[in-house]
Amino acid sequence: MPHPLPALIVVDVQRAFDEWEAAGKRRNNPDAVARIVDLLAAFRANGAPIFHIRHEGTKPNSSFLPSRSGYAVKDEAREQDGEPVTVKRVNSAFIGTDLEARLRASGITTLVICGATTNHCVETTTRMAGNLGFDTRLVRDATWTFDRIGPDGDAHSAEEVHAMTLSNLDGEFARIVTAGEVIASFAAK
């Protein structure tokens, strides 16, 4: 029996990204974590499932090693009792984890994805969710990324990278939505 409510997938809202920003990396969407907090509150208030994804680095210099301060989840996005945490070691929450099995066992067919960063773990997880047949939504104002230098040496702003990622995913892998639209959908049920 399909689960009547969507599941919120919160990807890598970890302190490493704050450390990157403090070190001078420039990001977009400064209110993204506030929108994630709004989504968490709405999903909790409606009894909808929430799955927290945490990245564990594997390289010796990774900001995401469990022994480093960057591994910790930001306080405002921390899981509550009963909300599962999936630890991943690659950029997809579905590779090397039991996330898909947990979702299928719960009859979950609709996923709402948020977190960091738009063009890495969020994008890879969203693409795989779409390919696995989930009805997937990516929350455009509840994810963010950083400025990038391309292989040709050209600078790409975080805003451009974010917009291009959303454009690549829209319609084929996911529906691009806002946190407000997701929250309003609960009232419509």
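This one's a predicted model, so the numbers in the text were calculated from it and none came from an experiment. (Residues numbered from 1 in each chain as written. Predicted model: local features only at pLDDT ≥ 70, side-chain atom pairs only at ≥ 80, totals over all residues. Heavy atoms only, no water.)

**Q** I'm lost on the overall build of the chain in this one. Help?
**A** Across its full length, the chain carries six helices and eight strands. The N-to-C order of helical and strand elements in the chain reads β-α-α-β-β-α-β-α-β-β-β-α-β-α. Computed over C-alpha atoms, the radius of gyration of the chain comes to 16 Å, within 12% of the 16 Å expected from 2.2 N^0.38 for 189 residues, which places it in the range of a compact globule. The C-alpha extent of the chain, read off along each of the three principal axes, is 50 × 35 × 30 Å. Counting over 189 residues, the chain shows a buried share of 49%. Long-range pairs, those at least 24 residues apart, make up 78% of the contacts in the chain between residues at least 6 apart in sequence. Per element, the accessible surface of the chain, about 9000 Å² overall, is 50% carbon and sulfur. When the 21 positive and 25 negative side-chain charges of the chain are each reduced to one mean point, those points stand 3 Å apart. (Helix = DSSP H or I, 4+ residues; strand = E, 2+ residues; numbered from the N terminus. Rg over C-alpha atoms; globule rule 2.2 N^0.38 Å. Buried < 20%, exposed > 50% of the residue type's maximum accessible area, 1.4 Å probe, protein only. Contact = heavy atoms within 4.5 Å. Areas by Shrake-Rupley, 256 points an atom, 1.4 Å probe, with all protein chains shown as cover. Lys, Arg positive; Asp, Glu negative; His and termini not counted. Charge placed at Lys NZ, Arg CZ, Asp CG, Glu CD.)

**Q** So what exactly am I meant to see when it comes to the sheet that holds strand 5 (residues 135–144) here?
**A** Adjacent strands of a sheet pair through backbone hydrogen bonds, lying either parallel or antiparallel. Strands sit in the order 3-2-1-4-5-8 across an open sheet of six strands; the sheet is parallel. Both outer strands of the open sheet, strand 3 (85–88) and strand 8 (175–177), are each paired with one neighbouring strand and no more. With strand direction ignored, the average angle separating the axes of adjacent strands in the sheet is 25°. Relative to strand 3, strand 2 (residues 50–55) runs parallel, the two being bridged by four bridges. Residue His55 lies in a different strand from strand 3, and its bridge partner there is Lys88. Most of the contacts of helix 5 (residues 158–169) go to strand 5, to which it runs at about 175°, and overall it touches strand 5 and strand 8. (Pairing = 2+ DSSP bridges. Axes fitted to C-alpha atoms, helices over the stretch in contact; angles between N-to-C directions.)

**Q** Sorry, what's going on with empty space enclosed by the protein here?
**A** With the rule as written, the count across this model stands at one cavity of 30 Å³ or more. What lines the largest cavity is Val10, Asp12, Val13, His52, Ile53, Arg54, Val73, Ala77, Glu79 and Val85. Looking at the lining of the largest cavity element by element, the count peaks at three residues for strand 2. Looking at the lining of the largest cavity residue by residue, the classes come out as six nonpolar, one polar and three charged. (1 Å grid on protein atoms, 1.4 Å probe; cavity = no way out; pocket = protein on both sides within 12 Å on 5 of 7 lines; lining within 4 Å. Points joined across faces, edges and corners; volume = space filled by probe spheres on them. Nonpolar A, V, L, I, M, F, W, Y, C, P; charged D, E, K, R; others polar.)

**Q** Please clarify how the packing of aromatic side chains should be interpreted in this entry.
**A** We describe a pair of aromatic rings using the distance from one ring centre to the other and the angle between the two ring planes. Counted under the stated rule, the structure contains eight aromatic pairs. Centre to centre, the rings of Trp20 and Phe146 are 5.5 Å apart; their planes meet at 55°, and the pair counts as tilted. One end of the pair, Trp20, is in helix 1 (residues 16–22); the other, Phe146, is in the loop between strand 5 and strand 6 (148–149), and 126 residues separate them in sequence. Overall, Trp20 belongs to the partly exposed group, its relative accessible area being 25%. Members of the aromatic cluster, joined through ring pairs, are Phe17, Trp20, Phe64, Trp144 and Phe146. Positioned over the ring face of Trp20 is Lys25, at 4.6 Å from the centre of the ring. (Phe/Tyr/Trp six-rings, centres within 6.5 Å; stacked < 30°, edge-to-face > 60°. Lys NZ or Arg CZ within 6 Å of the ring centre and 35° of its normal.)

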